[in-house]
Amino acid sequence: MEYYDAGDGGFFMRRRGPLCGLIGCLMIVLGVLIVFAMVLPPGFWWFIIGVALIAVGFCCANRR
């Protein structure tokens, strides 16, 4: 009977590219937003869109 040698890290321990962490975080955020969309009223989302647009405006203004 042979035993598996996990000294090399195994299949799930392989190195991943730099985008894998970003994609994983985006998937988690999108999942949370979908759950919130089912629970929270539509007026809340208009408020969030307004806040996001103001934040993007500040970021664009500070870049110049």
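Since the model is a prediction, treat every value here as computed from it, not as a measurement. (Residues numbered from 1 in each chain as written. Predicted model: local features only at pLDDT ≥ 70, side-chain atom pairs only at ≥ 80, totals over all residues. Heavy atoms only, no water.)

### Some words on the overall build of the protein
Secondary structure summary: the protein contains two helices and zero strands in total. Across the 64 residues in the protein, those meeting the buried criterion constitute 0%. Accessible surface computed for the protein: about 6,400 Å², of which carbon and sulfur atoms make up 74%. (Helix = DSSP H or I, 4+ residues; strand = E, 2+ residues; numbered from the N terminus. Buried < 20%, exposed > 50% of the residue type's maximum accessible area, 1.4 Å probe, protein only. Areas by Shrake-Rupley, 256 points an atom, 1.4 Å probe, with all protein chains shown as cover.)

### Points about the packing of aromatic side chains
Applying the stated criterion across every chain yields a total of one aromatic pair. Centroid distance F44 to W45: 5.2 Å. Interplanar angle 80 degrees. Geometry classified as edge-to-face. Given the relative accessible area of 21%, W45 is considered partly exposed. (Phe/Tyr/Trp six-rings, centres within 6.5 Å; stacked < 30°, edge-to-face > 60°.)

### Observations regarding the state of the cysteines
Under the counting rule described, the total for this entry stands at zero disulfides. Counting only cysteine sulfurs, C60 is the nearest neighbor of C59, a cysteine outside any disulfide, at a range of 6.9 Å. Accessibility expressed as a relative area gives 45% for C60, which makes it partly exposed. (Disulfide = S-S within 2.5 Å.)

### Some points on helix α2 (residues 42-63)
In this model, α2 (22 residues) spans 32 Å end to end at C-alpha, consistent with the 32 Å of a helix rising 1.5 Å per residue. Counting buried residues along α2, only zero of its 22 residues qualify, which leaves the element largely exposed. (Expected span 1.5 Å × (residues − 1).)

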